[in-house]
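# Overview (structure and organization)
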Amino acid sequence: MSAADPSPAAGAAPDSDPGRAAVASAYQRFEPRAYLRNNYAPPRGDLSSPDGVGPWKLRCLAQTFAAGEVSGHSLIDIGSGPTIYQLLSACTHFEDITLTDFLEVNRQELGLWLREEPGAFNWSTYSQHVCLIEGKGESWQEKERQLRAKVKRVLPIDVHQPQPLGAGSLAPLPADALVSTFCLEAVSPDLPSFQRALDHITTLLRPGGHLVLIGALEESWYLAGEARLVVVPVCKEDVMEALVRSGYEVRDLRTYVMPACLQTGVDDVKGIFFAWAQKKAGV
């Protein structure tokens, strides 16, 4: 996503926790197209500058997957939101990809792109950039065809439930890898809730499997149309501590400082983190 990509992904079903219930209620006003405009149109959607947030994220993803360790049969994208860019480098290394989101409107948005329907969001600029930095001579059309072929299902998810995908999930479990971008901090009312959500999604991953996590640093809110969404502010140290407590070995943790030119008033994000972590055996 972009600078403020706190993905609208997996929300919380209303329950006895008033904080999580408030999060779920706020997301009912979420507008996928407004979110995409805020984060993927210029200036945040401009991929021409190597110092931009988009190129930084795509570079982190491409380098991590190119290393070859994060691979296997099945991958689950936790809280996809209305975006697919986060899987462009991953799709070469997996045969079965599951997209997930709490909101039906986001799952519908993903379906438009997967079916190549008129009006689907145009990700070709991102696909072209990924092909350029991967340097394999692949066309962006081939890249998108490959991703569409690898995505086998789009499922509802609730990261605040002990079984995030519910009982009897259609996704093959446990997965070999998880990807999650701008989700957990964007749907958690506080740090303990963030930690529990991370614990919950970790149950979907096999021991020794890999998690690729991207999120917002020091952000407290963002806009998606009429929706103003609350975000739990996290720092690099919070992310590191949460991963270790959930049973991961942190393999890589990078941060990006949001430049003033990309602080556009649609959020108060200060930066982005990128983490690659491996689930320890016995967890």
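Since we're looking at a predicted model, the values are computed, not measured. (Residues numbered from 1 in each chain as written. Predicted model: local features only at pLDDT ≥ 70, side-chain atom pairs only at ≥ 80, totals over all residues. Heavy atoms only, no water.)

### Focus: the sheet that holds strand β2 (residues 96–101)
Paired through backbone hydrogen bonds, the strands of a sheet run either parallel or antiparallel to each other. Read across the sheet, seven strands follow the order β3-β2-β1-β4-β5-β9-β8 without closing on themselves; strand pairing throughout is mixed. What marks the edges here is a single partner per strand, and that holds for β3 (151–156) and β8 (248–257). When the angles between neighbouring strand axes are averaged without regard to direction, this sheet yields 15 degrees. Where strand β1 (residues 74–78) lies against strand β4 (residues 175–181), four bridges are found, and the strand directions are parallel. By the bridge assignment for β4, Leu75 is matched with Ala177. Packed on one face of the sheet, helix α4 (residues 104–114) meets β2 and β3 and runs near 165 degrees to β3. (Pairing = 2+ DSSP bridges. Helix = DSSP H or I, 4+ residues; strand = E, 2+ residues; numbered from the N terminus. Axes fitted to C-alpha atoms, helices over the stretch in contact; angles between N-to-C directions. Contact = heavy atoms within 4.5 Å.)

### As for the layout of surface pockets
Looking at the largest pocket, its volume works out to about 170 Å³. Trp113, Glu116, Ala120, Phe121, Asn122, Trp123, Ser124, Trp140, Gln141, Glu144, Arg145 and Arg148 together form the lining of the largest pocket. When the residues that make up the lining of the largest pocket are grouped by side-chain class, the tally is five nonpolar, three polar and four charged. (1 Å grid on protein atoms, 1.4 Å probe; cavity = no way out; pocket = protein on both sides within 12 Å on 5 of 7 lines; lining within 4 Å. Points joined across faces, edges and corners; volume = space filled by probe spheres on them. Nonpolar A, V, L, I, M, F, W, Y, C, P; charged D, E, K, R; others polar.)

### With respect to the UniProt feature "binding site: S-adenosyl-L-methionine" (unreviewed entry) in the protein chain
Taking the numbering used here, the UniProt-annotated feature "binding site: S-adenosyl-L-methionine" (unreviewed entry) corresponds to Tyr35, Tyr40, Gly79, Ser80, Tyr85, Asp101, Asn106, Asp158 and Val159. An extended arrangement is adopted by the annotated residues: their sequence extent is 125 residues, and the largest C-alpha distance between any two is 25.3 Å. Considering the arrangement of structural elements, one finds Ser80 in the loop between β1 and β2. (UniProt positions renumbered as here; feature names shortened; annotations may be inferred.)

### Digging into the packing of helix α5 (residues 124–134) against helix α6 (residues 140–150)
The contact between α5 and α6 brings their axes to 8 Å, and the two run at 105 degrees. Considered as vectors, α5 and α6 are oriented roughly perpendicular to each other. Here Ser124, Ser127, Gln128, Val130, Cys131 and Glu134 of α5 come into contact with α6, specifically with Trp140, Lys143 and Glu144. Across the contact of α5 with α6, the residue classes break down as three nonpolar, three polar and three charged. (Parallel < 35°, antiparallel > 145°, perpendicular 65-115°, else oblique.)

### Overview of the pairing of strand β6 (residues 221–224)
Strand direction decides the pairing type here: β6 and strand β7 (residues 227–230), joined by four bridges, are antiparallel. Counterpart to Tyr222 in the pairing with β7 is Leu229. Turn length for the β6-β7 hairpin, with the two strands adjacent in sequence and antiparallel, is two residues, and the turn residue Gly225 shows positive phi of about 75 degrees.

### Quick look at helix α8 (residues 236–245)
Buried within α8 we find Val239, Ala242 and Leu243. Projected onto a plane normal to the axis of α8, the buried residues spread over an arc of 100 degrees and lie on a single side. Away from its buried face, by an angle of more than 90 degrees, α8 presents the exposed residues Glu237 and Arg245. Buried-residue contacts for α8 involve α7 (191–202), β5 (205–217), β8 and β9 (271–279). (Buried < 20%, exposed > 50% of the residue type's maximum accessible area, 1.4 Å probe, protein only. Arc of directions from axis to C-beta.)

### As for empty space enclosed by the protein
Following the criterion strictly, the structure yields one cavity of 30 Å³ or more and no others. Taken as a whole, the largest cavity spans an internal volume of roughly 30 Å³. Of the residues contributing to the lining of the largest cavity, the split by class is six nonpolar, no polar and one charged.

### A look at the state of the cysteines
Enumeration over the complete set of coordinates arrives at zero disulfides. Free cysteine Cys91: the closest other cysteine sulfur is in Cys131, separated by 9.0 Å. Judged by its relative accessible area of 0%, Cys91 falls in the buried class. Take Cys235: it sits in no disulfide, and the sulfur closest to it among the cysteines is that of Cys60, at 18 Å. (Disulfide = S-S within 2.5 Å.)

### With respect to the pairing of β9
For β9, the tally of buried residues reaches nine of nine residues, placing the bulk of the element in the interior. Examined bridge by bridge, β5 and β9 share eight bridges and lie antiparallel to one another. Residue Ile214 lies in a different strand from β9, and its bridge partner there is Phe274. Direction of pairing for β8 relative to β9: antiparallel, over a ladder of nine bridges. If you follow Tyr248 over to β9, its bridge partner there is Lys279.

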